[in-house]
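Analysis of the macromolecular model
This is what each chain is made of:
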Amino acid sequence: MKQVQVVFDGLAIRDTAIHYPDETVDWVNGFVIDKLTFGVINELNQDVSIQPIGRVGAAKANLGSASTISANSEGIVNLNLQNYWAPYISVSAKCTVSPTSGKLTVYCVSREK
């Protein structure tokens, strides 16, 4: 069974700060998964770096490597949970050059073992 969760829904980034979603998702509550796939729709006019993150309470940690999604394109970021685990998992987004237009949408699809 697959579950889909929206992480960023039309986020208008206009700076070079790291952006975190308002909520991280409890991906381990009620089911066991082995892989998360983040679909990225980058309509910003600059490249964006998507970094999988784990969270326990207020503490955050990078999980795996960041992926760069080119301006005005779509991409996929995979996270193998056999190598990384945290009770709450999501992504952060960062541009190295401030975008002046566009928006970012990221959604996550989990796959049960």
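Residues numbered from 1 in each chain as written. Predicted model: local features only at pLDDT ≥ 70, side-chain atom pairs only at ≥ 80, totals over all residues. Heavy atoms only, no water.

1. Let's talk about the pairing of strand E4 (residues 48-56)
Rule in force here: Burial classification: accessible surface area is computed with a 1.4 Å probe over protein chains only, and a residue below 20% of its type maximum counts as buried, one above 50% as exposed, and the rest as partly exposed. The way it works is that DSSP assigns letters per residue, a run of H or I at least four long becomes a helix, a run of E at least two long becomes a strand, and they are numbered from the N terminus. Paired strands, as defined in this entry, are two strands with at least two bridges between them according to DSSP.
A large share of E4 lies buried, amounting to seven of its nine residues. Pairing of E4 with strand E6 (residues 67-69), which is carried by three bridges, proceeds in the antiparallel orientation. The residue of E6 that forms the bridge with Ser 49 is Thr 68. Two elements, E4 and strand E5 (residues 59-62), share four bridges in a ladder whose sense is antiparallel. Note on E5: the bridge partner recorded for Arg 55 is Lys 60. Joining the antiparallel neighbours E4 and E5 is a turn of two residues, in which Gly 57 adopts a positive phi near 60°.

2. A look at the nonpolar core
The test is simple: Take the buried residues of types Ala, Val, Leu, Ile, Met, Phe, Trp, Tyr and Cys, join any two whose side-chain atoms come within 4.5 Å, and each joined set is a nonpolar core. Note on contacts: a residue pair qualifies if any of its non-hydrogen atoms lie within 4.5 Å across the two residues.
With 22 residues, the main nonpolar core has Phe 38, Val 48, Ile 50, Ile 89, Leu 104 and Val 106 as its most contacted residues. Broken down by secondary-structure element, the contributors of at least two residues to this core are strand E1 (2-11), strand E3 (33-42), E4, strand E7 (73-80), strand E8 (88-94) and strand E9 (104-112). Look past the residues within four positions of Leu 104 in its chain and what remains in contact with it is Phe 8, Asp 9, Gly 10, Leu 11, Ile 13, Val 40, Ile 41, Asn 42, Leu 44, Val 48, Ile 50 and Ala 93.

3. Thoughts on the confidence of the model for the protein
As a note on interpretation, predicted positions should not be read in detail where pLDDT is low. To be explicit about the condition: Confidence scores per residue from the predictor, reported as pLDDT, run from 0 to 100.
Counting all residues, the mean pLDDT for the protein is 88, and 88% of those residues have values of 70 or more. The spread of mean pLDDT over the elements of the protein runs between strand E2 (residues 25-26), the lowest at 68, and E6, the highest at 98.

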